[in-house]
Amino acid sequence: MFVNNCVLLSVVVSYGFQTSSGTTSKDRYHVPGDITIGALITLHHTNDDGECSDFSSAGLGHVEAMKFAIDTINRNPRLLQNVTLGYDIRDYCTSTVKAMKHTYDFVRKNELASEFQNSRFVKLKNNTEQRKPTPITAVIGPTDSGAAIFVGSLLQVAEIPLISYSATSDELSSPQYSYFFRTVPPDRKQAKAMADVTDYFNWSYVAAVAMDDSYGRNGVRSLETEAGKRQTFCLSFADYIPREKYVTKLERTVEKLRSHTNVHVVVLWLLRGYGRRLFEEAAKQKMYDRTWIFSDSLTAGGEELMKMKDEYKGVVHGSLGIELRHFDVQYFQDFLIKESIKSLQEESASAPWWKEFWKQKGNSSSNETVIRSVYNSYIPRSEERRVG
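Residues numbered from 1 in each chain as written. Predicted model: local features only at pLDDT ≥ 70, side-chain atom pairs only at ≥ 80, totals over all residues. Heavy atoms only, no water.

Enquirer: Would you mind going over the overall build of the protein chain with me for this structure?
Expert: Within the protein chain one finds 13 helices and 17 strands. When burial is assessed residue by residue, the protein chain has 57% of its 388 residues classed as buried. Working note: accessible area of the protein chain is about 17100 Å², and carbon and sulfur atoms make up 49% of it. (Helix = DSSP H or I, 4+ residues; strand = E, 2+ residues; numbered from the N terminus. Buried < 20%, exposed > 50% of the residue type's maximum accessible area, 1.4 Å probe, protein only. Areas by Shrake-Rupley, 256 points an atom, 1.4 Å probe, with all protein chains shown as cover.)

Enquirer: Sorry if this is basic, but what is going on with the side chain of S214 here?
Expert: With respect to the helices and strands, S214 occurs in helix α6 (residues 214-230). Overall, S214 belongs to the buried group, its relative accessible area being 9%. Within polar-contact distance, the side chain of S214 engages the side chain of S169 at 2.6 Å. Reaching out from S214, the side chain makes a polar contact with the side chain of E171 at a distance of 2.8 Å. (Polar contact = N/O pair within 3.5 Å; in protein donor to acceptor, adjacent residues only side chain to side chain.)

Enquirer: What is the right way to look at the nonpolar core in this model?
Expert: Counting 50 residues, the largest nonpolar core has L268, F279 and W292 as its most contacted members. Among the elements that take part in this core, strand β12 (residues 205-211) stands out by supplying 6 residues, more than any other. Those residues in contact with W292 that lie beyond four places of it in its chain are L257, V266, L268, L278, F279, A282, M287, V315, V316, S319 and L320. Membership of the second largest hydrophobic core comes to 32 residues, among which are I37, I73, L336 and V374. (Core = buried A, V, L, I, M, F, W, Y, C linked by side-chain atoms within 4.5 Å. Contact = heavy atoms within 4.5 Å.)

Worth remembering: the numbers are spatial, not functional.
And the structure:
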């Protein structure tokens, strides 16, 4: 679930009133342009109450990838002559509600831009004039399929393209999402890879724990289809984890897994933070005898799993994961290092979330920490998958 710098570019779009310096806030990073691209990116995880909590360094990588791609295009006079790209990046914390609020704001601003399309300036309540807002050309994101389903529905009505770099649910392949595009393959291919692994090791019984959304349910459905076709393994049961108020459900799910002593392999279609909390609960209940198969979202969240206490980490030993192929992009890596140094030297970092990154990692962190935490969580992908 979780982008090539060129690919990212074809995914963003947003809009707002133009100002000379742009706008930054806790959940927004806006730089105006003649064409504005919006983005919905996960920069914080969600706690049990549905509120934004722990910072996601991978999300910072996505922000910088978008900034890098747009800045590169703006500096090239041969690409867009006399046209400057801008961006309006929003943090939605993997919250569907928050994603929809940001999306409605994008749509509403497009409506305002349409109302003032014949005017160069708009008059504000204090009788001052300001340049008219630029409409959103497209929106990049969101990170997860569950949010993409809702966001895609609203943008479909508004006829605004939505391009995700990590939403993999097969539901998004439906004709009703004709304005949705993505740069990753759908989950049926991931389910096939999981089934191949299961067959290779001759595992007969498999359980599944998944998000209670389009990503999790359609992922499990694809795995059930593979099991039906092959008749080589059985999907014993599946439990679904809600996005909010999920702690009690995780506890019961682990208890259920413990009671099924004949099921030693568990497939996980979980987002990063939810997966970490599942493993912590499994460790608390002394369940160290399961083999876990991670979906791409959880595999890409290795940094998140490192947050577990050392005594809990043994629960994931021997796990397998499905992951998109990695590419090494040296010039983006160099860009990240420069951005990280600038964020320490300047009072106001170009992207507002660098301060949270340094608070999490410590100001003395090395370039290696930046690359491992931000770049390696982001690395661009192709449509080829591998087992790792």
